[in-house]
Amino acid sequence: MKAKKEVLNHGIIHIHQTPTLLGVIKCRENHSDSEKRCTTKDSQLKKALSLLFVTNKDGLLHVKMEDYACILEEYTTLRDLNIGKLVHSYILENVIKLSLVLHNSLINMYCKCGSIADAQNLFSVIQEKDVFTWTTLIAGYATHGPQENAFKLFSKMEEENVKPDSVTFLSVIKACAKLKNLDCGKRLHVMIIKSEISDNILIRSSLVDMYAKCGVLECARREFEEMPRRDSVTWNAMISGYAQNRYFENVLNLFPVMMEQDSKPDRITLANVLKACAGLHMYMHGKEIHDYIIERKLEADVFLASTLVDMYSKCGSMKDAWKVFITIPIKTDVCFNAMIIGCAQLGCAEDSLKLFWDMESKHVTRTLITYVGALKACSILGNLEKGKQIHESFLNSGMKANLILRNALVDMFAKCGSITNARKVFDEMPERDVISWNVLIAGYAQFGTPEEAFELFERMERETFHPDKVTFLSVIKACIKLGNLGYGKKIHNHVRKRRLESDIFIASTLVDMYAKCGGIDEAQYMFDRIKE
């Protein structure tokens with residue numbers, strides 16, 4: 001039971017009282033005015049409380065008001081919401097009137113700890129607000145979402161004639177980038193040009209990042225080129241933009257320019273360059289970057305090591321990938337995922353499954369990507385039993401399946417010959433893409449009835465999905481299996497409409513289809529087209 005408190009004056013309470021915050025600690029005197037030792041559930045709490053309470057010889061506990069914000073900052077850094085709330089509770093019980101600084105510190109604590117609803121509630125009851133109050137909540141929405149609320153709050157801030165500062169703009173630009181809201185981004189850019197912060201390097205770099213994330217790389221590059229000076233953040237924004245949009249040649253062209261201008265690449269830069277090497281299958285370039293990483297003594301960086309594993313596997317060198325993987329001191333899910341997928345793609349599917357089960361024994365949490373890679377390995381092996389084990393493991397994981405995972409399941413069941421299970425997963429999918437249709441059509445063409453493949457193809461078109469060359473290859477193979485020349489010609493007409501007749505794989509499959517279905521003249525015609 002809490003002892004009765006007697007407030008002598010602002011910020012001072014009797015030492016024998018037990019405020020809410022102190023309910024989690026036990027204090028014992030050490031027979032010294034200068035020493036007090038506390039036992040806590042959290043060693044950091046003791047450190048923070050030592051700043052907050054000072055006991056005088058008169059037996060009174062003096063709360064130093066200026067330290068409340070320091071305590072909140074301590075737990076904001078630790079992202080400890082529970083203790084942050086206890087501090088808030090203590091403040092409400094013992095402070096007669098909260099200052100704006102204290103209100104701002106509380107909002108900041110709730111935002112940084114991810115409790116945006118609490119931050120919004122507190123924001124709503126504050127009568128006096130400054131630019132920091134607005135900016136803190138805007139930054140919270142930009143980071144944790146919903147990002148649309150960052151825009152709404154920014155507009156309301158303008159209506160109340162509160163002048164945004166550089167941090168405000170950085171936060172709203174971040175929200176634009178996350179939502180790929182180009183119109184809002186352009187409006188902010190105009191505002192920035194008219195403001196006093198147009199030369200701020202962080203603002204300019206964030207604009208480069210925003211344009212790149214919105215896919216408007218011309219605007220990103222123009223902003224980049226017009227900057228009077230650049231730092232590593234600027235270079236990373238431009239290089240990351242190219243990498244994210246798969247302009248890998250541009251990444252490799254820009255990287256040497258960065259080096260020539262004595263701007264030192266960091267782990268983000270190097271990871272993006274490795275991603276470009278992987279995307280272009282440029283093994284030697286990737287090896288050079290690896291040598292540079294070793295030279296910079298960055299090889300122990302788990303993030304870079306994982307990216308190296310991915311690069312080597314995509315360049316077809318599992319030997320190098322394994323060499324890097326076994327040297328990683330603390331292997332994360334990212335490392336395992338890169339190896340699992342790499343092994344599956346390069347004919348080492350058994351190794352993929354071994355790595356999958358190793359994750360469990362090494363207490364590394366699996367992700368959706370892990371399961372996708374393992375299911376891919378089962379598809380390649382045609383091992384239905386192991387595929388079902390992976391599926392059961394996923395169902396027990398409590399994770400929610402996304403489109404990629406569901407596609408991998410359909411593909412695994414189809415390639416393992418379990419068309420019934422493949423169709424069941426397909427029919428239960430809340431959303432589908434072209435890959436969803438392709439993997440099931442391919443399954444019917446190989447293991448099921450060709451008629452089902454045709455029916456699915458027609459339904460795919462009715463539902464306004466556009467077949468690609470993978471779709472047509474499967475349907476043409478179904479025609480071969482059925483021996484139906486008439487349907488084969490119909491599919492050929494679809495191929496012409498899509499302007500895919502010149503594709504060497506489709507043309508070769510059409511030659512095979514006509515020859516096996518009795519259309520010798522058509523087969524000869526397509527064969528001659530290929531020669532031309």
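Here we summarise the structure given alongside this text. Each chain has its residues counted from 1, running along the sequence as written. Given that the model is predicted, a residue must reach a pLDDT of at least 70 before its local features are reported, and side-chain atom pairs must reach 80 or more before they are shown or counted; all residues, however, enter totals for whole chains, interfaces and linings. Excluding hydrogens and water, the side-chain figures rest on all heavy atoms present in the structure.

### Quick look at the environment of Gln120
Helix numbers and strand numbers start at the N terminus; a helix is a DSSP run of H or I with at least 4 residues, a strand a run of E with at least 2. Within the secondary structure layout, Gln120 lies in helix H5 (residues 116–125). As a C-alpha pair, Gln120 and Ile138 span 18 residues in sequence and 10.0 Å in three-dimensional space. Here, residues are in contact when the closest pair of their heavy atoms is within 4.5 Å. Leave out the neighbours within four places in its chain, and Gln120 touches Leu137 and Tyr141. Within the local environment of Gln120, its side chain forms a polar contact with the side chain of Tyr141, the two groups lying 2.7 Å apart. Distance and chemistry together define a polar contact, namely a pair of N or O atoms within 3.5 Å, with one atom able to donate a hydrogen and the other to accept it when in protein, and with adjacent residues in sequence counting only for side-chain atoms on both sides.

### Looking at the packing of helix H12 (residues 232–244) against helix H14 (residues 267–279)
Fitting a line to C-alpha atoms yields each axis, with helices limited to the stretch in contact; the angle taken between N-to-C directions then spans 0 to 180 degrees. Running from amino to carboxyl end, H12 crosses H14 at an angle of 25°, the nearest separation of the two axes being 9 Å. Judged by the angle between their axes, H12 and H14 are roughly parallel. In this structure, H12 meets H14 at a crossing whose hand is left-handed. Contacts between H12 and H14 pair Asn236, Ile239, Ser240, Ala243 and Gln244 from the former with Ile268, Thr269, Asn272 and Lys275 from the latter. Roughly parallel covers angles under 35 degrees, roughly antiparallel covers those over 145, roughly perpendicular covers 65 to 115, and oblique covers all other angles. Take the far helix as the reference: if the near one is turned anticlockwise from it by less than a right angle, the crossing is left-handed, and if turned clockwise, right-handed.

### Comments concerning the side chain of Thr168
The topology assignment puts Thr168 in helix H8 (residues 166–179). Residues in contact with Thr168, not counting those within four places in the same chain, are Val131, Thr135, Ile138, Phe154 and Met157.

### Examining the packing of helix H22 (residues 403–415) against helix H23 (residues 419–427)
Packing of H22 against H23 leaves a shortest axis separation of 7 Å and a crossing angle of 165°. Here H22 is positioned roughly antiparallel relative to H23, judged by the angle of their axes. Where H22 crosses over H23, the handedness of that crossing is left-handed. Here Arg406, Leu409, Val410, Phe413 and Ala414 of H22 lie close against H23, whose contacting residues are Ile419, Asn421, Ala422, Val425 and Phe426. Under the convention adopted here, Pro, Cys and the residues Ala, Val, Leu, Ile, Met, Phe, Trp and Tyr are nonpolar, Asp, Glu, Lys and Arg are charged, and Gly plus all remaining residues are polar. The class makeup of the residues in the contact of H22 with H23 is eight nonpolar, one polar and one charged.

### Concerning the pattern of salt bridges
Salt-bridge detection follows one rule: a side-chain nitrogen of Lys or Arg within 4 Å of a carboxyl oxygen of Asp or Glu. For the coordinates displayed, the defined rule picks out 25 salt bridges. Across the pair Arg366 and Glu360 runs a salt bridge, and its minimum N-O distance is 3.9 Å. A salt bridge links Arg423 to Asp427; its shortest N-O distance comes to 3.1 Å. Within this pair, Arg423 and its partner Asp427 are both found in helix H23, separated by four residues, close to a single helical turn. Through salt bridges with shared partners, one network takes in Asp199, Arg204 and Glu223.

Just distances and angles here, no functional claims.
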